[in-house]
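Residue-level structural notes
In case you want the letters, here they are:
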Amino acid sequence: MSPEVVGEKLRGGYPVAVTDPTLRTSDAERYRVVAMLEMHAAAGRLTLDEYAERVDRVLACRTHGDLAAVTADLPSTEEPRDDSRHLLWAFLAAAVVLVLFMVVLGLAR
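Now for a quick tour of the structure. (Residues numbered from 1 in each chain as written. Predicted model: local features only at pLDDT ≥ 70, side-chain atom pairs only at ≥ 80, totals over all residues. Heavy atoms only, no water.)

1. A word on the overall build of the chain
Counting its regular elements, the chain contains four helices and two strands. Each helix (α) and strand (β) of the chain, taken in turn from the N terminus, gives the series β-β-α-α-α-α. Residues classed as buried in the chain amount to 26% of the 109 residues present. Within the chain, contacts between residues separated by at least 24 positions form 61% of all contacts whose residues are at least 6 apart in sequence. Accessible surface computed for the chain: about 8000 Å², of which carbon and sulfur atoms make up 60%. (Helix = DSSP H or I, 4+ residues; strand = E, 2+ residues; numbered from the N terminus. Buried < 20%, exposed > 50% of the residue type's maximum accessible area, 1.4 Å probe, protein only. Contact = heavy atoms within 4.5 Å. Areas by Shrake-Rupley, 256 points an atom, 1.4 Å probe, with all protein chains shown as cover.)

2. Let's talk about the nonpolar core
Of all hydrophobic cores here, the largest spans 13 residues; its most connected members are Val33, Leu37, Tyr51 and Val58. The residues contacting Leu37, other than those within four sequence positions of it, are Leu46, Tyr51, Arg54, Val55, Val58, Thr71 and Leu74. (Core = buried A, V, L, I, M, F, W, Y, C linked by side-chain atoms within 4.5 Å.)

Laid out in structure tokens, this is it:
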């Protein structure tokens, strides 16, 4: 199963965009993919046998393309960042309203 190539970037469950699939990978990148596989196994997307087989494959990978092929059928594990931004804006709006309320009460005395 090979990852889909969209434009010049490799797509799939691989945690980073791959512009050159022949580029050699590092131990840190392999272990990041193993951690990602661990999350997929915990979520029930992989059985323990599939997880063990993929970990063996990941540790034997030499290039980014090899790593992306191991995770091609898995969804991305990146968290949406918009939720935290909405929470931040809501907090800031509440803080501004509170400050305005305190100023109005201070002037009313």
